[in-house]
Amino acid sequence: MIATNTRVKARIQQLCEEINQHNKNYYQLDVPKIPDADYDDLMRELRSLEKQSPQFASHNSPTQRVGSAPLNSFQQVEHKTPMLSLDNAFDDEEFEAFDKRVRDRAGTTDSIEYLVEPKLDGLAISLLYRDGKFVQAATRGDGKTGENVTENIRTVGAIPLLLSGEGIPPVLEVRGEVFMPVAGFDALNQRAIEAGDKPFANPRNAAAGSLRQLDSKITATRPLAFYAYGIGVIEGVELPITQQILFERLSNWGLPISDQVQVAVGASRCHQAYESLATKRSLLPYEIDGVVYKVNNLELQDKIGFVSRAPRWAVARKFPAQEKMTEVIAIDVQVGRTGAITPVARLAPVFVGGVTVVNVTLHNEDEMRRKDVRVGDTVVVRRAGDVIPEIVSVVLEKRRQNTVVFNMPVDCPICGSEVERAEGEAIARCPSGLLCAAQIKESIKHFASRRALDIEGLGDKIIEQLVDRGQVRTPADLYCLTQGQLSALERIAEKSADNTLLALEKSKPTTLAKFLYALGIREVGEVTAKSLAEHFGNLNALQEASLEALEEVSGVGSTVSQRVVSFFELEHNREVIAGLIQAGVNWPDESTTSPVETALSGKVFVLTGVLSSMGRDQAKQTLQLLGAKVTGSVSKKTDYVVAGENSGSKLKKALSLDITVLSEDDFLKLLAIH
Ligand code: IVH
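Reading the values: the criteria
Residues numbered from 1 in each chain as written. Predicted model: local features only at pLDDT ≥ 70, side-chain atom pairs only at ≥ 80, totals over all residues. Heavy atoms only, no water. Helix = DSSP H or I, 4+ residues; strand = E, 2+ residues; numbered from the N terminus. Buried < 20%, exposed > 50% of the residue type's maximum accessible area, 1.4 Å probe, protein only. Contact = heavy atoms within 4.5 Å. Phe/Tyr/Trp six-rings, centres within 6.5 Å; stacked < 30°, edge-to-face > 60°. Lys NZ or Arg CZ within 6 Å of the ring centre and 35° of its normal. Pairing = 2+ DSSP bridges. Axes fitted to C-alpha atoms, helices over the stretch in contact; angles between N-to-C directions. Disulfide = S-S within 2.5 Å.

What follows deals with unusual backbone geometry. Located in the positive-phi region is Glu523, a residue other than glycine, with phi close to 70°. Mapped onto the elements, Glu523 comes out in the loop between helix 17 (512–519) and helix 18 (526–536). On the accessibility criterion, Glu523 (43% relative accessible area) is partly exposed. Unlike most non-glycine residues, Asn646 shows phi in positive territory, near 60°. Along the chain, Asn646 turns up in the loop between strand 20 (640–643) and helix 24 (649–656). Here Asn646 falls in the partly exposed class, since its relative accessible area comes to 38%.

This is the structure:
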């Protein structure tokens, strides 16, 4: 027992120190070193140890405090009423326990009416208005004393300097969140990178860093926004009955209020509101990290009261974390279909953004160097919406001694050829093409994939064995496989060997577009393959086409033309094509007549997120039939972005470029009239 006690005491002390340091990093220096979710875990552990052994809990513990002391560089402002923090409910049960406590304190068994608000991810601010005139702004600081940031706040366009409308109180302290919308954040970081400066880790830091500038001219250049979510001091007017009516008043006086606020009565409606906001999360133009539930009735709020650091009438429910820490177990190098050499970090499994992540690409050498990820490092992994997971940064404080800088290999790890990196290119490549087993494997996987010749049952593991055994070197070899060869492979039953042969047979009739795509010509994706097929109509014409003729094809520029010409120039490629045709792969000639003109002809679409009424392929085909083009990335040339559920970065980009965004409903309507 004594031993356990000593250990608990020591752990509590260690947690306090660690959390205090993180508080300082986050609140004062605006450079948090660990993700919020990992910070929350430390706080939870501390809270639970203090509950279990209250004799070791100090009144200075971070569990008893809000934020961190203000910086000395700004004048200090005493808050007339403390600026509090919020307790968290981590799941439905914890929210239900909160709701039960509220009902107990309210002395009722009736369902409670809550206002459900987005939990904005920025920093808390207090704005003081006298007779409707903005006079002072202060950060939260440690809750009692904050920093005077009045001059900086004056530069934030969303914050009115004069209130308008009826019944403005002589003294009004508005509280709310200053934040940076995602589009503004992306643009700011882009500028920072171009200028050789360090980009901000996330919009919250960028907002905090921008507001804490000593020179308000700098703040003025930062795209900050603001939503009010409550009041501090108010004098000379009666309080309304509910938080909701308070919001209406604030809004009438010209203060911005989030349009995502809703009323929910009882726990199950509250859960629904949480789920619905979680689905919308990636569609919003600003980051939110959860919802805040507040008892709607202000008298009831008053009756329920506060504990030292947080109100008892409100609770935050965070969304699943999009950033988490984990460890890099190894760094491998992968060789892709076109010889691209990509470093990949193997991670201790980490649950982030709703999935377990074990691998994450490090893209290329420059990115590797910039992030300096090493084996054994603790890293922050981010997965937001439908975006592929990435390593945001290394937690340098946790770097062990003796870690070594990772260097890209000089030779291809598969075939040993010397790796090349063309000038001005970020990607290093193995130049051996189809002499490199990795590139053979990847090109055959691509050939057999669903969007190409769609050879069902010919999975990656089978292809790898066939290439390793020297039985397949080109896609044409696939069609010479025998039942015996297939059933001799590991992990393949006799029946599935038969099925694979059948699938090979079934794959032979195809289209010219699919065949071209399956060949894996560099830069020729599905859309380009389709344009080429439509333009030239048959393979011969394409093979003989000159650079100039190729450039006439819509969407084909000089790089693609060059790649196509080089591909067909290679004897090996011509042989593979001849082999495939001889094996019976066939397609009808395409008619080269131009499609019927529709109002969508030539319009450029990007599809993102999940559509509930049709698959993405189907949506794409339908659009193409109507003469529209479907591309993979959003640019100024994009006409429409169709945003299904869980749309992520593409939607954000569309919004930042002011491109028309269609919901699934809008999209279906558009298809219906054409
Ligand atoms: S109410 C007395 N409402 O979250 C209640 N806070 O974790 C205090 N926040 O310091 C806050 N969105 O910076 C409230 N709709 C919202 C919020 C919100 C974001 C922030 C705020 C606060 C922190 C507490």
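To continue, consider the side chain of Lys445. Assignment of secondary structure puts Lys445 in helix 12 (residues 437–448). If sequence neighbours within four positions are ignored, Lys445 has contacts with Asp460, Ile463 and Glu464.

Counting across every chain of the model gives 14 aromatic pairs. Look at Tyr274 and Phe319: their rings are 5.3 Å apart centre to centre, the planes differ by 45°, and that puts the pair in the tilted class. In this pair, Tyr274 is assigned in helix 9 (residues 267–280) and Phe319 in the loop between strand 11 (314–318) and strand 12 (323–335), connecting sequence segments 45 residues apart. Residue class for Phe319 comes out buried when judged on its relative accessible area of 6%. Taken together, Phe95, Phe98, Tyr114 and Tyr293 form an aromatic cluster joined through their ring pairs. For Arg44, the ring lying beneath its charged end belongs to Phe90, and the centroid distance is 4.0 Å. The positively charged end of Arg317 is found above the aromatic ring belonging to Tyr274, 4.0 Å away from the centroid.

What the five strands build is an open sheet, ordered 2-11-10-3-9; its pairing is mixed. Strands at the two margins of the open sheet, each flanked by one partner only, are strand 2 (88–89) and strand 9 (262–265). Two elements, strand 3 (residues 113–120) and strand 9, share four bridges in a ladder whose sense is antiparallel. Paired with Glu113 across the two strands is Val265, which belongs to strand 9. Sitting on the sheet, helix 9 touches strand 3, strand 9, strand 10 (288–295) and strand 11, and the angle it makes with strand 10 is about 155°.

The next point concerns the state of the cysteines. Within this structure, the stated rule accounts for zero disulfides. In this structure Cys415 is not part of a disulfide, and its nearest cysteine sulfur, from Cys430, lies 3.6 Å away. Considering cysteine sulfurs only, Cys415 is the nearest to Cys436, which forms no disulfide, with 3.8 Å between them.

Next up on the list: the sheet that holds strand 20. The sheet built from four strands is open, its strands ordered 19-18-20-21 with parallel pairing. At either end of the open sheet lies a strand with only one pairing partner, and these are strand 19 (629–631) and strand 21 (660–662). The sheet shows a mean angle of 30° between the axes of neighbouring strands, taken without regard to direction. Packed onto the sheet, helix 24 meets strand 18 (604–608), strand 20 and strand 21 and runs at close to 140° relative to strand 18.

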